[in-house]
Amino acid sequence: MERSTRHNMQEVVEQGMFVKHCKVEVYLTELKLCEDSNMENVVTRRFSKADTIDAIEKEMRKLFSIPEEKETRLWNKYMSNTFEPLNKPDSTIQDAGLYQGQVLVIEQKNEDGTWPRGSSTPNVKNSSYSLPSYPPYNSYDYSDHARHSEKPGLCGLSNLGNTCFMNSATQCLSNIPPLTEYFLKDKYTDELNEDNPLGMKGEIAKAYAELTKQLWSGKYSYVTPRAFKTQVGRFAPQFSGYQQQDSHELLAFLLDGLHEDLNRIRKKPYIQLKDADGRPDKVVAEEAWENHIKRNDSIIVDIFHGLFKSTLVCPVCAKISVTFDPFCYLTLPLPMKKERTLEVYLVRLDPLAKTTQYKLTVPKVGYISDLCTSLSTLSGVPAEKMIVTDIYNHRFHRIFATNENLSSIMERDDIYVFEVAVNRMEDTEHVVIPVHLREKYKQSGYNHTSTPLFGQPFLITVPRTLSEDKLYNLLLLSLCRHLRCPVEEEESEETVPTKQHTINGNATNGILEEGSPSEMETDEQDDESSQDQELPSECDNSQSEDSVVGDNELENGVGQENSTKGPPPLAGHKKRLFTFQFNNMGKTDFSFIKEESRQIRFDEGHLRLSDRSYLSLDWEPETKKKYFDETVTEDFDKHESMEYKPQKKAFFKLNDCIELFTTKEKLGAEDPWYCPNCKQHQQATKKLDLWSLPPVLVVHLKRFSYSRYMRDKLDSLVDFPIRDLDMSEFLINPNAGPCRYDLIAVSNHYGGMGGGHYTAYAKNKDDDKWYYFDDSSVSPASEDQIVSKAAYVLFYQRQDTVKGTGYFALDREDHEEQRSSSAQGGATQSEEEEEEEEEEEEDLNDNENEEGEEEPEPNHDVTMNTN
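Because the structure is a prediction, the values reported are computed rather than measured.

Q: How would you explain the packing of helix 5 (residues 203–215) against helix 7 (residues 247–261) if you had to name every residue and give the values?
A: Where helix 5 contacts helix 7, the axes come no closer than 8 Å and their chain directions differ by 110 degrees. By the angle class used here, helix 5 and helix 7 are roughly perpendicular. Handedness of the helix 5/helix 7 crossing: left-handed. Where helix 5 approaches helix 7, its residues Glu 203, Ile 204, Ala 205 and Tyr 208 are matched on the opposing element by Phe 253, Leu 254, Leu 258 and Asp 261. A breakdown of the residues in the contact of helix 5 with helix 7 according to their chemical character gives six nonpolar, no polar and two charged.

Q: I'd like to hear about the pairing of strand 29 (residues 613–619), residue by residue, with values.
A: With six of seven residues buried, strand 29 lies mostly within the body of the structure. Sheet topology note: the strand 18 (residues 430–439)/strand 29 ladder contains five bridges and is parallel. Bridge pairing in strand 29 links Arg 438 to Asp 618. As paired strands, strand 25 (residues 578–584) and strand 29 are joined by seven bridges and run antiparallel to one another. When the bridges of strand 29 are listed, Phe 582 appears paired with Leu 615.

Q: I'd like to hear about the pattern of salt bridges, residue by residue, with values.
A: On inspection of all chains with the given rule, the structure shows 34 salt bridges. Residue Lys 687 pairs with Asp 689 through a salt bridge whose shortest N-O separation is 2.6 Å. Under the relative-accessibility criterion, Asp 689 is labelled buried at 11%. With a shortest N-O distance of 2.6 Å, Asp 800 and Arg 798 are connected by a salt bridge. Here Asp 800 falls in the partly exposed class, since its relative accessible area comes to 25%. Given a relative accessible area of 8%, Arg 798 falls into the buried group. Three or more residues joined by partner-sharing salt bridges are found here, namely Glu 181, Lys 185, Lys 765 and Asp 766.

Q: I'd love a proper account of the sheet that holds strand 14 (residues 355–363), names of residues and values included.
A: Spatially, the six strands line up as an open sheet ordered 16-15-17-13-14-30, and their pairing is mixed. Among the strands making up the open sheet, the edge pair consists of strand 16 (395–399) and strand 30 (636–638). Taking each pair of neighbouring strands and ignoring which way they run, the sheet shows an average axis angle of 40 degrees. With four bridges connecting them, strand 13 (residues 339–347) and strand 17 (residues 415–419) associate as parallel partners. Looking at strand 17, one finds that Val 347 is bridged to Phe 418.

Q: Break down the packing of aromatic side chains for me, citing the residues and quoting the values.
A: A full pass over the atoms with the stated rule returns 21 aromatic pairs. Here the aromatic rings of Phe 183 and Tyr 208 are separated by 5.1 Å at their centres, their planes lie at 75 degrees, and the arrangement is edge-to-face. One end of the pair, Phe 183, is in helix 4 (residues 177–184); the other, Tyr 208, is in helix 5, and 25 residues separate them in sequence. An aromatic cluster of three or more residues is present, and its members are Tyr 182, Phe 183, Tyr 188, Tyr 208 and Phe 228. The residue whose ring lies beneath Arg 73 is Trp 115, and the NZ or CZ to ring-centre distance is 4.3 Å.

Q: Please set out the nonpolar core residue by residue, giving values where relevant.
A: Counting 58 residues, the largest nonpolar core has Leu 179, Phe 253 and Phe 304 as the members making the most contacts within it. Of all the elements, helix 5 adds the most residues to this core, at seven residues. Excluding its chain neighbours within four sequence positions, the residues that come into contact with Phe 304 are Leu 173, Ile 176, Leu 179, Leu 255, Phe 327, Cys 328, Pro 694, Val 696 and Val 698. Counting residues in hydrophobic clusters, the runner-up holds 39 residues, among them Ile 391, Tyr 416, Val 462 and Leu 475.

Q: Pulling in residues and values, what's your account of the environment of Asp 195?
A: Along the chain, Asp 195 falls in the loop between helix 4 and helix 5. Asp 195 gets classed as exposed once you look at its relative accessible area, which sits at 72%.

Q: I'd like a description of the confidence of the model for the protein chain, backed by residues and values.
A: Summarising the model, the protein chain shows a mean pLDDT of 76, and 72% of its residues fall at 70 or more. Every residue in residues 16–20 is under pLDDT 50, and counting partners more than four places away or in other chains gives 11 contacts. When the criterion is pLDDT under 50, residues 120–147 qualifies, and its contacts beyond four places in sequence or with other chains add up to 95 contacts.

Q: So, the environment of Lys 679: which residues are in play, and what are the values?
A: Relative to the elements of secondary structure, Lys 679 occurs in the loop between strand 33 (673–675) and strand 34 (680–682). Given a relative accessible area of 58%, Lys 679 falls into the exposed group. In terms of polar contacts, Lys 679 uses its side chain to reach the backbone carbonyl oxygen of Pro 676, at 3.2 Å.

Rules and cut-offs
Residues numbered from 1 in each chain as written. Predicted model: local features only at pLDDT ≥ 70, side-chain atom pairs only at ≥ 80, totals over all residues. Heavy atoms only, no water. Axes fitted to C-alpha atoms, helices over the stretch in contact; angles between N-to-C directions. Helix = DSSP H or I, 4+ residues; strand = E, 2+ residues; numbered from the N terminus. Parallel < 35°, antiparallel > 145°, perpendicular 65-115°, else oblique. Left-handed = near helix turned anticlockwise from the far one by under 90°. Contact = heavy atoms within 4.5 Å. Nonpolar A, V, L, I, M, F, W, Y, C, P; charged D, E, K, R; others polar. Buried < 20%, exposed > 50% of the residue type's maximum accessible area, 1.4 Å probe, protein only. Pairing = 2+ DSSP bridges. Salt bridge = Lys/Arg side-chain N within 4 Å of Asp/Glu carboxyl O. Phe/Tyr/Trp six-rings, centres within 6.5 Å; stacked < 30°, edge-to-face > 60°. Lys NZ or Arg CZ within 6 Å of the ring centre and 35° of its normal. Core = buried A, V, L, I, M, F, W, Y, C linked by side-chain atoms within 4.5 Å. pLDDT = per-residue confidence, 0-100. Polar contact = N/O pair within 3.5 Å; in protein donor to acceptor, adjacent residues only side chain to side chain.

Encoded structure:
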């Protein structure tokens, strides 16, 4: 594909409006180009995000050989029959919101001066604020296939690519009556604050106002909020791409952005914050709110802002700090279980004892030491003599330290706890060695062996200095439960060579196998042992026959007395069952073995237990098949604790979440409070209380939890009321006023972390009925559908602020207009009735004059008709 030289260079692209993010553009944006007359012929070209619409148009004119005298215009085709005009030539690809794979169409003007798509584009229905001939770029676009809505507000939002989070949050905001009325009646134009350094130059407010008007125009079943998304992405680069985001995070940005764009305070005064210092709550609260209003006064504050009390107590000097802080929404924790159950396997020190499976109850936010304590209670094994491991694919995936968090253990992990002979924290004369079992396979035609892992790895405790023979016997003893004696020994195995061999000056451990010592075998990485790196050549040497026989050295082994009654099985076997290698970070380590004495010495560095430093026992396939019983690995006992089934609570109530929010808690070590008395950071206790609540209460259910090792979503059902949410029991202000709320909208999240799908339920302000918003689709909903495990953000409106109560200024204005119009209508009606009666009276007089006194009529009481 041909590209200009400029496109071969990496450019620095600037993102964001006020907070600039400069990024080196590594990959260009691929666009699909075609002519309006032949959209089947698509040509792909790559452009930089810094390229302008004008540059793309020139490239397309050249590509499709369009004469210079021909007038053209560009369209962005993002749905099968929906087109968006690109008429800002100076806009960059980034500003225009064009993304990878976007289809751009170039249109040529007809000879008669008309455009094939029409002057006002039949496939794009222009909004009321679009230019009649060529709508501006920041207008919204509507497909001619979008059916007409019967009611305002029942309008979907097209998904531009993982933008369901934005659609959900926007639909919820759109169905907050006082905010929507504010924008529909253009009240925002008088309060735009384009000079606010903390705002977005009024752009977010304008974009949101335009989108709101389209949603409530009652003309379309869905609109495409591309311009709104582009504006959001300009000021918040985290939302500029097409990756799934959090609807609550977008909501928080929108509320803050709209507030600053509509802040009635043009110049914010500096205010020194004061602590309560023992003053009454009422005084401190009023002072805090007045200070807040001096700097923050907008429709967002009017609708969404409340006040809570924060109390901090120093654990050292008992200093009490009380502050009152405004809030825009409440983030409520879900009542999580403080405990969790874990299934683990205990491998006892006694090599003949079966592995036992236990079900433990451990703290949800705890440490590995808590697991050991819980297991010690059930098993009787001292907690300080336990080592917790995660075994995966026949190897130690992790060996845990006692101070590691339990959150690093996932539900699917195979956790094995090994009883060891010594307390590693106190005993420095012994080392604990991880041991892997490997099987050697010689590949035909190559002098290479691959060594896949098999069986279950184990830990062995040995002195820091011991002979090679002693180590072999200790290993043999640890495996005794897995070994079996064949019925008939083959004679070929009774005889072993006695000549020792050394290759490259390094004596290795083991008996020379059949074949010449010059046949060097290399262990290659196998798919099943992914952490093993390529190993150097293994050299098998012979040694004296009596070196493999069990002797008194076993009695000096560590912790094996309990099960050792004589030599280990097959200890008298004259040929070693396996050879062994020390591996450090996947490489063979010969530094342990001292040639002159065949002694193994471990230095200080080997006291640290690591899953990357281990001993591998290498088995020949025939020997393994004959002597090793793999079925024993699957044979384990189940402790009675495995029968325990924890009770699962079906659901929580919203009140439970609010109670948890207002519960006293101790600050974490990573989030201390600076005590002004102690002059240092302390882990203070903190308590939040609600002082005053806003007309619209936004409740964010904290379903997503994050830790160093895991991210999780809590899908517990929270039962929240649709009507009459009474917040009075949670308010500490005795003069708080009305505090009953009705639900008006819900943002839902389906699925797990990092993805899923967002939708919304909302109550239409005009017909008081519930509807379900799923991107471009809108459908009626029943109240029994609204409370679900997917509920993520709840929107409640206080009952005393609904339309007709006159709480908001707009509502009062509407009421006054209705009264004046009805008064005018009544006066007009009276005048019309009087005129009609006068005409009737004249007609009657005329008739009387014409007919004379032949048929006298009774007298009519005119005042009766007029009354």
